[in-house]
Amino acid sequence: MATYKVRVATGTDLLSGTLDCISLTIVGTQGESHKQRLNHFGRDFATGAVDDYTVQCQQDLGELIIIRLYKERSSFFPKDPWYCNYVQICAPNGCIYHFPAYQWMDGYETLALREATGKTTADDSLPILLQHRQEEIRAKQDFYHWRVFVPGLPNYVHIPSYHPPVRRCRNPNRPEWNGYVPGFPILINIKATKFLNLNLRFSFLKTASFFLRLGPMSLALKIRGLLDCKRSWKRLKDIRNIFPATKTVVSEYVADHWMEDTFFGYQYLNGINPNVIRLCKRIPDKFPVTDDMVAPFLGEGTCLQAELEKGNIYLADYHILEGIPTVELNGQKQHHCAPICLLHLDPQGNMMPIAIQLSQTPGPDCPIFLPSDSEWDWLQAKTWVRYAEFYCHEAIAHLLETHLIGEAFCLAMLRHLPMCHPLYKLLIPHTRFTVQINSIGRALLLNEGGLSARAMSLGLKGFAEVMVRALSALTYDSLYVPNDFMERGVQDVPGYYFRDDSLAVWDAMERYVTEIITYYYPSDAAVEGDPELQCWVQEIFKECLLGRQSSGFPTCLRTVPELIRYVTIIMYTCSARHAAVNSGQLEFTSWMPNFPSSMRRPPMEAKGLSTLQTFLDTLPDVKTTCIVLLVLWTLSREPDDKRLLGHFPDIHFVEDAPRRSMEAFRHRLNQISHDIRQRNKCLPIPYNYLDPVLIENSISI
């Protein structure tokens, strides 16, 4: 008779416990136990509980390799979901085996779990283990399917449980709820989030806090009449009163300095979209800036050509926005442009705007605006550039290059990597809640009647078109952080704190990934010979990049360095890249003129006609402003139930080497955080969006 001591941990989130019956079978290399119910007198498997049981077997089972958990009906109680953290078993010889679960068992079902040691296909020789890998992957591929979101954009998750149940009500003729939340100014397609699989949903705490924030703030704006006001702002200073209680050092600095050229240029380096500017070696033909135009702004003893040769001229070109039609908002036609902005790095290290053209096509009705123009002409030209920044940030840098791509990475991983695979263990913390927040994003932003349709000049179709164009131009090298700065020619720009912090976090992450990868993949042949890895890479290329060869994304990986780069790109995209473009949204946008989502008057075709009143009449009206800021406020709040970069409470790795690597990773991140905070003490505007203590492991907000 052999005695096995079993420890079962239930999740700590509210409602993680169950009243259903849980039974266990243990499988070893020398036999299999009988199915045995895990039962104490009193409550078992309560939320947060760690329960201990004893399982008796007729013989020693040898090395433990698999367990099976059975969730079955308990007397008269209704079906009750259960979140299992892990099962730990102490064998008669004192050896402890860990079986990670970290997933929901929703119905009456059986869940087979492998012992936690990370193994690729080549590491498995037992037929039962190879069969388990295949069955797990087959089951996930049968459940998780790809679905076209918008033609030309990364595909996303389509799950059978999206289909709503049959309506049961006393009055079948009653119209179905249209999705509007009372008092909320835009349509929220709740159905897009209601039927998500439990393993992809937010925790109860995160779900409750998300919608409890949204409701009261929306009601407050409604009561104040701001969500029904379609007129222009009477005074600029009234915009400060939208969120009087959410001011920060940065948001106040933005409101005080938004008109200054110095701050305008600063945002290209350390704002919420700091990946736009490029070194300009030659003035484009479509932007006929002359030396006479800009010489007064370059300083004495120099000229435009000299500054070009010195590498002090930079360009922000928004050609990707050209030719997209606009919509009407609140009964008024909206307007759009694709500007070009020339910037000069002055001797003091400031990035200063020196010329702006509001079209991609020069001509008499498209003047080049200069800092020497009238105050309101120059300010309005800069505001048009900031309007273009809104779309390049929200559609491209934020939604496409983090959320949508991150979701595709996640789904491909779920479909092709079993839980025992080292890459699954490495990447699963960086996919937490991503599908859920993207479902909310589609429900809130990208549906008929949502934010893009009711508060953006380009509307839903135009907003999607920006992303389609961006994906068609996206390259693998642009997501490789060190290469991106070199390719844009900004590797030596002073005061570029985003670049400095990005490279520091990237380096720490790459070293961590290198240690993990080289532990499990000792040679290039191990990489090339891993069929699960290769299928994962192929599906990302097919479903995320839509099979576009010009993207440069690999269709297979042949060497260890290639795999290290690939995995680091994914991990960085799903954590630090998202933090850089998401965390500061409200701080830089709460002062709406700094980041308008729509423009109600056309771009200026002549100089000398702008006034304060024309400026106010060009900006979004009160209602549009409040709708946008309400959503951005919701999405920018400090997330609940967050897990910071480098903190992995779920125990997926059990070997000593990866556990040491995780600890070293946290130590390096702590040092980076210390360095950032020391630097910020001397800055008028602290840059902390890439401080590791503020970065989440995954895209969850």
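Our subject is the structure listed above.
What you see is a predicted model; the values in this text were computed from it and never measured.

Novice: Help me understand the packing of helix 5 (residues 261-270) against helix 8 (residues 375-416) in this model?
Specialist: To describe two helices that pack against each other, one gives the angle between their axes and the distance between the axes. Where helix 5 contacts helix 8, the two axes come as close as 12 Å, and the packing angle between them is 15 degrees. By the angle between their directions, the pair helix 5 and helix 8 is classed as roughly parallel. Where helix 5 crosses over helix 8, the two elements pack in a sense that is left-handed. Of the residues in helix 8, those in contact with D261, F264, Q267 and Y268 of helix 5 are W378, K382, V385, R386 and E389. Each residue belonging to the contact of helix 5 with helix 8 can be placed in one class, and the counts come to four nonpolar, one polar and four charged.

Novice: Can you walk me through the sheet that holds strand 7 (residues 82-90) in this structure?
Specialist: In any sheet, the strands associate via hydrogen bonds between backbone groups, in a parallel or an antiparallel arrangement. Spatially, four strands are ordered 5-1-7-8 in an open sheet, and the strand pairing comes out antiparallel. Edge positions in the sheet fall to strand 5 (50-57) and strand 8 (96-105), since each of these pairs with one other strand and no more. Averaged over all adjacent pairs, the angle separating strand axes in this sheet is 20 degrees, with direction ignored. Here strand 7 pairs with strand 8 via eight bridges, running antiparallel. Bridging from a neighbouring strand, Q88 pairs with H98 of strand 8.

Novice: Is there a simple way to explain the environment of A255 in this structure?
Specialist: Examined against the element boundaries, A255 turns out to sit in helix 4 (residues 249-257). Assessed through its relative accessible area of 10%, A255 is described here as buried. Each C-alpha atom, one on A255 and one on Y689, is 19 Å from the other, the two residues being 434 residues apart in sequence. For A255, the contacting residues outside a window of four places in its chain are R240 and W591.

Novice: Please clarify how the nonpolar core should be interpreted in this entry.
Specialist: In summary, soluble globular proteins display a tendency toward joint burial of nonpolar side chains. Residues Y268, L423, I517 and W536 are the most contacted members of the largest nonpolar core, which totals 168 residues. Sorting elements by how many residues they give to this core places helix 8 first, with 24 residues. Aside from chain neighbours lying at most four places away, what touches W536 is F409, A412, M413, H416, L417, L423, L427, Y566, V567 and I570. Core analysis: the next-biggest nonpolar cluster, separate from the first, contains 27 residues, I22, Y53, V55 and L64 among them.

Novice: Looking at this structure, how should I read helix 21 (residues 622-636)?
Specialist: An α-helical turn contains 3.6 residues, so a residue and the one three or four places further along point in the same direction. For helix 21, with 15 residues, the first-to-last C-alpha span of 21 Å sits near the 21 Å given by 1.5 Å per residue. Burial of helix 21 is extensive: 15 of the 15 residues sit out of reach of the surface. Near the N-terminus of helix 21, the side chain that reaches the backbone nitrogen of K623, with its oxygen 3.2 Å away, is that of D621.

Novice: What's the story with the pattern of salt bridges in this structure? I'm lost.
Specialist: In total, this model carries 31 salt bridges according to the counting rule given. A salt bridge links R133 to E532, with the nearest nitrogen and oxygen atoms 2.6 Å apart. Here the residue R133 occupies a position in helix 1 (residues 127-143), and E532 occupies one in helix 17 (residues 531-543), the gap between them amounting to 399 residues. Of the two residues, R133 and E532, both sit in the buried class. In the salt-bridge network here, residues are joined through shared partners; they are R114, D124, R133 and E532.

Novice: Would you take a moment to explain unusual backbone geometry for this structure?
Specialist: For residues that are not glycine, phi is negative in most cases, and the peptide bond is trans in most cases. Non-glycine residue L15 carries a positive phi angle of around 75 degrees. Along the chain, L15 turns up in the loop between strand 1 (2-10) and strand 2 (21-28). The phi torsion at N330 lies on the positive side, around 55 degrees, for a residue other than glycine.

Novice: When you look at the packing of helix 17 against helix 18 (residues 560-582) in this model, what are you seeing that I'm missing?
Specialist: At their nearest, the axes of helix 17 and helix 18 sit 13 Å apart, and the two run at 55 degrees to each other. Classed by the angle they form, the pair helix 17 and helix 18 counts as oblique. Considering how the two elements wind past one another, helix 17 and helix 18 form a crossing that is left-handed. From helix 17, L533, W536, V537 and I540 reach across to helix 18, where they touch L563, Y566, V567 and I570.

Novice: Explain the sheet that holds strand 17 (residues 351-357) to me, please; I cannot follow it from the model alone.
Specialist: Strand order in the open sheet formed by five strands is 12-13-16-17-18, with antiparallel pairing between adjacent strands. A single partner strand is all that each edge strand has here, and the edge strands are strand 12 (278-279) and strand 18 (368-369). In this sheet, strand 18 lies alongside strand 17 in antiparallel orientation, the contact comprising two bridges. The residue of strand 18 that forms the bridge with I356 is F369.

Reading the values: rules and limits
- Residues numbered from 1 in each chain as written.
- Predicted model: local features only at pLDDT ≥ 70, side-chain atom pairs only at ≥ 80, totals over all residues.
- Heavy atoms only, no water.
- Axes fitted to C-alpha atoms, helices over the stretch in contact; angles between N-to-C directions.
- Helix = DSSP H or I, 4+ residues; strand = E, 2+ residues; numbered from the N terminus.
- Parallel < 35°, antiparallel > 145°, perpendicular 65-115°, else oblique.
- Left-handed = near helix turned anticlockwise from the far one by under 90°.
- Contact = heavy atoms within 4.5 Å.
- Nonpolar A, V, L, I, M, F, W, Y, C, P; charged D, E, K, R; others polar.
- Pairing = 2+ DSSP bridges.
- Buried < 20%, exposed > 50% of the residue type's maximum accessible area, 1.4 Å probe, protein only.
- Core = buried A, V, L, I, M, F, W, Y, C linked by side-chain atoms within 4.5 Å.
- Expected span 1.5 Å × (residues − 1).
- Polar contact = N/O pair within 3.5 Å; in protein donor to acceptor, adjacent residues only side chain to side chain.
- Salt bridge = Lys/Arg side-chain N within 4 Å of Asp/Glu carboxyl O.

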